[in-house]
Amino acid sequence: MMTGFRLNLSPLKEPLGFVKLVEWLTAIFAFGSCGGFSGRNVLSVFCGDGRNETLNADFHYPVWLSQVLLIVGNKSLCDHSVTTTYMVGDSASSAEFFVGIAIVCFLYSMVALLVYLGYMHVYKDSDFGPIFDFVLTAILVFLWLVCSSAWAKGLQNVKDATDTEGLSATVALCKGSNITCEVTEFANMRTLNISVVFGYLNMFVWAGNAWFVYKETRWHSQKFSSPSGHGRQQVPAPI
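The notes below deal with the structure included here. (Residues numbered from 1 in each chain as written. Predicted model: local features only at pLDDT ≥ 70, side-chain atom pairs only at ≥ 80, totals over all residues. Heavy atoms only, no water.)

**Brief notes about the pattern of salt bridges**
Considering all chains together, one arrives at five salt bridges under this definition. Note that Asp58 is salt-bridged to Arg40, the shortest N-O span being 2.5 Å. Here the residue Asp58 occupies a position in strand β2 (residues 52-60), and Arg40 occupies one in strand β1 (residues 38-46), the gap between them amounting to 18 residues. Overall, Asp58 belongs to the partly exposed group, its relative accessible area being 35%. Between Arg51 and Asp79 there is a salt bridge, with its nearest N and O atoms 3.0 Å apart. One end of the pair, Arg51, is in the loop between β1 and β2; the other, Asp79, is in the loop between β4 (75-77) and β5 (80-82), and 28 residues separate them in sequence. Relative accessible area serves as the criterion here: at 64%, Asp79 is assigned to the exposed category. (Salt bridge = Lys/Arg side-chain N within 4 Å of Asp/Glu carboxyl O. Helix = DSSP H or I, 4+ residues; strand = E, 2+ residues; numbered from the N terminus. Buried < 20%, exposed > 50% of the residue type's maximum accessible area, 1.4 Å probe, protein only.)

**Side note on the environment of Thr84**
Examined against the element boundaries, Thr84 turns out to sit in the loop between β5 and β6 (85-86). With 11 residues separating them in the primary sequence, Thr84 and Gly73 have C-alpha atoms 3.9 Å apart. For Thr84, the contacting residues outside a window of four places in its chain are Leu69, Ile71, Val72 and Gly73. (Contact = heavy atoms within 4.5 Å.)

**Here we look at the packing of aromatic side chains**
Here the structure, examined in full by the defined rule, presents 11 aromatic pairs. Measuring from centroid to centroid gives 5.8 Å for Trp211 and Tyr214, while their planes differ by 35 degrees, and the two rings are tilted. In this pair, Trp211 and Tyr214 both sit in helix α6 (residues 190-214), three residues apart, roughly one turn of the helix. Accessibility expressed as a relative area gives 18% for Tyr214, which makes it buried. Counting every residue linked through ring pairs, the aromatic cluster contains Trp24, Phe31 and Phe106. (Phe/Tyr/Trp six-rings, centres within 6.5 Å; stacked < 30°, edge-to-face > 60°.)

**Describing the packing of helix α4 (residues 128-162) against α6**
One way to put it is that α4 packs onto α6 with a least axis distance of 9 Å and a crossing angle of 165 degrees. Between α4 and α6, the angle is such that the two are roughly antiparallel. Between α4 and α6 the crossing geometry is left-handed. When the residues that make up the contact of α4 with α6 are grouped by side-chain class, the tally is 18 nonpolar, eight polar and two charged. (Axes fitted to C-alpha atoms, helices over the stretch in contact; angles between N-to-C directions. Parallel < 35°, antiparallel > 145°, perpendicular 65-115°, else oblique. Left-handed = near helix turned anticlockwise from the far one by under 90°. Nonpolar A, V, L, I, M, F, W, Y, C, P; charged D, E, K, R; others polar.)

Right under this line is the structure:
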């Protein structure tokens with residue numbers, strides 16, 4: 001068996017290679033739309049005497065809100081001295097998990113495409129290649145489901161922590177009877193919403209690809225092949 005590199009673009013015309021190319025692209029959109037995020041919410045503090053102050057809540061990937069400084073210590077707001085205040089909430093673990101899975105899938109898709117386009121003769125002549133490909137693909141389908149669900153929940157936590165109610169609960173001054181707080185400028189989280197969509201899209205794409213990879217394994221070939229005469233049922237001779 002020859003194991004040298006043989007460039008052959010025909011797998012891209014078949015579902016096995018074409019879907020793998022789609023997986024590579026959707027993985028890029030998934031981690032790109034999440035990992036490059038940065039935004040700012042502006043909290044306006046309306047004092048009882050008609051004056052108003054503003055606080056900037058700047059946050060970015062991986063959305064580690066508990067490390068975002070909202071108020072520097074001993075700052076005066078509405079003639080009140082306010083202590084150092086950090087934002088509340090932490091969605092960094094779910095965001096990093098999501099981006100990590102996307103990067104793993106991006107790298108694996110590149111390696112798989114290299115094998116399909118240059119070593120398909122080796123891939124199909126062995127049992128290990130298709131079985132390994134199928135098992136890993138099935139695992140990644142499950143991981144896409146888990147990380148997308150975790151990040152969707154984490155993103156909702158970020159939205160709750162940075163809206164008017166969340167920031168007002170964080171700043172003790174906003175709980176005063178004659179002082180009201182309201183978020184007047186919101187960060188554009190469109191890219192984060194898109195990342196969640198691409199997360200679930202990746203899950204479905206990888207699930208579909210698992211079927212095409214399964215068809216390359218010996219499990220599928222054994223299921224639809226049988227020894228000669230195996231399907232024939234012998235009729236007993238009459239007595």
